[in-house]
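# Structural description and commentary
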Amino acid sequence: MATLITGIGELVTNDPTVGDGSPLGVLPGAAVVIDDARVIWIGPAGDAPAADDAVDLAGRTLVPGFVDPHNHLVFAGDRSAEFAARMSGEPYDGGGIAATVRATRAATDAELRAHVERRIAEARGQGTTTLEIKSGYGLSTDDEQRALRLLDGLTDERTFLGGHVVPPGADRDEYVRLVCGPMLDACAPHADWIDVFCEPASAHAFDGDESRAMLEAGARHGLGLRVHGNQLSTGPGVRLAVELDAASVDHCTHLEPADVDALAGGGTVATLLPGAEFSTRSPYPDARRLLDAGITVALATDCNPGTSFTSSMPFVIALAVREMGMTPAEALWAATEGGARSLRRDDVGRIAVGAAADLTVLDAPSYVHLAYRPGVPIARALDV
Ligand code: NIG
Ligand code: FE
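I will try to describe carefully the structure that is included in this document.

## Things to note about the environment of Ala371
Of note, Ala371 is situated in helix 14 (residues 369–372). Sequence separation of Ala371 and Ile317 is 54 residues, and the distance between their C-alpha atoms is 6.2 Å. Residues contacting Ala371, with those up to four places away along its chain left out, are Ala318 and Val321.

In structure tokens form, the structure reads like this:
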């Protein structure tokens, strides 16, 4: 059944060949027709074909649904006390992950699935239509596999993060062998990606050699590669990700010139997670430096109970603009097309004929309002 969307005050397509010629491809006075969950027509409202149904946006803005390519939604428990301690000066080192592992292992399948479904709905209510979701709070073969199985039917982008931290009490070398062997065998059939927390500065996370071993094992199982890199300090994460042709390296908070050069010469997207810097009271990544070097930048929430308990891409966009030197246009592109590239997808993150009908309405006359009206719930995914 075809639906005609009219009354679009401003249409952001992310197609640079249309509209104002900018990367956002902004079209005034346009209409969109969707059918069977795909966009089938875009053009001047006056030329729109007949459809079975019509939606009038009454001058609101229509943008591609946000693509959030970094989330840790499969967890139970609460770490608000850890956040409060950080706001009193405690540093973040990943040690709190163990508390979430305990709570997650103790939760039933039904409880965990309900938590994930509620968090996905919360994100959608703020305009997110594609979410990558990681395991990483199980850290045993059974608990990691369970986390991924619980995601069946909830997302097409499931990431195995057995390499999050060494679980309490485990021997480091034995744990890396477990992740590369039996845990990966059990988890790979339920995952699309593998991720590791490559952070030699944390006693809990993994160094470059350990990260390489886990990523290469994941690649041998047919998984795409993602890396948590350079969050807490400089280190090997970014260069390792580029060398192994990971789709994305995430955080990128502490970069050396060689990291920027590697990203500029490679095919790996830099996914920035300013919610984590907000919630750990850390310096923000230098998005301007990356953009000026021609590097593809994505934005994500990193929704997790430790460093960034937000599901709000509009909040992340506002931080990117205010704190990371991005323009409103760059931030919206990074939150849509940038996220799609971070997931190596070309069917989401844009409004184009043939793309998914993943559409987000802004209760505003312009996409600039995403950063201009911080904290105001103007964005929602369109249910059509
Ligand atoms: O992306 N840094 C590693 N993992 C998460 C935090 C996990 C946690 O503290 O629970 C992140 O920030
Ligand atoms: Fe993360």
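## Considerations on the site of ligand 1
Taken together, 15 residues lie near ligand 1, and Arg79, Tyr92, Tyr137, Gln231 and Thr307 sit nearest. Arg79 is positioned with one of its side-chain polar atoms (N or O) 2.7 Å from an oxygen atom of ligand 1. Here an oxygen atom of ligand 1 and a side-chain polar atom of Tyr92 are 2.5 Å apart. Protein burial of ligand 1: of its 330 Å² of free accessible surface, 100% is covered by the chains. Here the shell around ligand 1 is composed, by residue class, of four nonpolar, nine polar and two charged.

## Quick word on the packing of aromatic side chains
Tallied over the entire structure, the rule returns four aromatic pairs. Relative to Phe206, the ring of Tyr175 has its centre 6.5 Å away and its plane inclined at 20°; by these criteria the two rings are stacked. Note that Tyr175 is positioned in helix 5 (residues 172–187) and Phe206 in the loop between strand 11 (193–198) and helix 6 (208–220), a separation of 31 residues in sequence. Among the aromatic residues, ring-to-ring pairing joins Phe75, Tyr137 and Phe309 into one connected group.

Here is what the cut-offs are and how they apply
Note on numbering: residues in each chain are counted from 1, in written sequence order. Lettering for chains starts from A, numbering for ligands starts from 1, and both go in the order in which the items are written. Selection of residues for local features in this predicted model requires a pLDDT of at least 70, selection of side-chain atom pairs for listing and counting requires 80 or more, and totals for whole chains, interfaces and linings are taken over all residues. With hydrogens and water set aside, each side-chain value is computed from the structure's full complement of heavy atoms. Helix and strand assignments come from DSSP, with helices taken as H or I runs of at least 4 residues and strands as E runs of at least 2, each series counted from the N terminus. Only heavy atoms matter for contacts: two residues are in contact if any of them lie within 4.5 Å across the pair. The near set for a molecule or strand comprises every residue that places at least one heavy atom within 4 Å of it. Nitrogen and oxygen atoms within 3.5 Å of one another constitute a polar contact, given that in protein one can donate a hydrogen and the other can accept it, and given that sequence-neighbouring residues count only through two side-chain atoms. Calculation of accessible area relied on Shrake-Rupley with a 1.4 Å probe; when residues are assessed, cover is drawn exclusively from the protein chains displayed. Lys, Arg, Asp and Glu make up the charged group, whereas Ala, Val, Leu, Ile, Met, Phe, Trp, Tyr, Cys and Pro make up the nonpolar group; the residues left over, Gly among them, are polar. In this analysis, rings of Phe, Tyr and Trp, with Trp reduced to its six-membered ring, are considered paired at centre separations within 6.5 Å, and the interplanar angle assigns stacked below 30 degrees, edge-to-face beyond 60, and tilted for intermediate values.

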